[in-house]
Amino acid sequence: MGKPISMSISTMDDAIKLLRILANDCAPYNAADKQGGGAVIDTIHGVDQSYSTMVQQMENLFSSTATFLEKARNSYKNSDDRASWQFKG
């Protein structure tokens, strides 16, 4: 038989909390309006837009991962609770 699955609920809670903090730290970033002209300004604006997209994607990644872990924790806890009730009779 395979190795039993074991989870630490408190460790998962800590990880979820940290992911939520990281998601909140991804403050909305608005790319600066392009002023002036030329290749340098266009390049800076492109980098600015890329950074803005990256910040939004990181916020989504942190939030989605935290939500996934919350669902996994709840599912594990509910299954564990149901299993323990069976033994209590």
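Summarised in this report is the structure supplied together with it. (Residues numbered from 1 in each chain as written. Predicted model: local features only at pLDDT ≥ 70, side-chain atom pairs only at ≥ 80, totals over all residues. Heavy atoms only, no water.)

## Overview of the nonpolar core
- Counting residues in hydrophobic clusters, the biggest one holds seven residues: Ile-16, Leu-19, Ala-23, Cys-26, Val-55, Phe-62 and Ala-66.
- At the level of elements, helix 1 (9-25) and helix 2 (39-88) are the ones that each hand at least two residues to this core.
- Not counting residues within four places of it along the chain, the set of residues in contact with Ala-23 comprises Glu-59, Phe-62 and Ser-63. (Core = buried A, V, L, I, M, F, W, Y, C linked by side-chain atoms within 4.5 Å. Buried < 20%, exposed > 50% of the residue type's maximum accessible area, 1.4 Å probe, protein only. Helix = DSSP H or I, 4+ residues; strand = E, 2+ residues; numbered from the N terminus. Contact = heavy atoms within 4.5 Å.)

## Brief notes about helix 1
- The end-to-end C-alpha distance of helix 1 is 24 Å, a good match for the 24 Å that 17 residues give at a rise of 1.5 Å each.
- For helix 1, the set of buried residues is Met-12, Ile-16, Leu-19 and Ala-23. All buried residues of helix 1 lie within an arc of 65 degrees about the axis, which places them on one face of the element. Residues Asp-14, Lys-17, Asn-24 and Asp-25 are exposed on helix 1 and point more than 90 degrees away from its buried face. (Expected span 1.5 Å × (residues − 1). Arc of directions from axis to C-beta.)

## Thoughts on the pattern of salt bridges
- Summed over the entire model, instances satisfying the criterion amount to three salt bridges.
- Arg-20 is the partner of Glu-70 in a salt bridge, and the nearest nitrogen-oxygen pair spans 3.0 Å. Taken together, the residues Glu-70 in helix 2 and Arg-20 in helix 1 connect sequence positions 50 residues apart.
- Across the pair Lys-77 and Asp-81 runs a salt bridge whose closest N-O atoms are separated by 3.6 Å. Highlighted residues: Lys-77 and Asp-81, both in helix 2, separated by four residues, approximately one helical turn. (Salt bridge = Lys/Arg side-chain N within 4 Å of Asp/Glu carboxyl O.)

Keep in mind that these numbers describe shape and distance, not what the molecule does.
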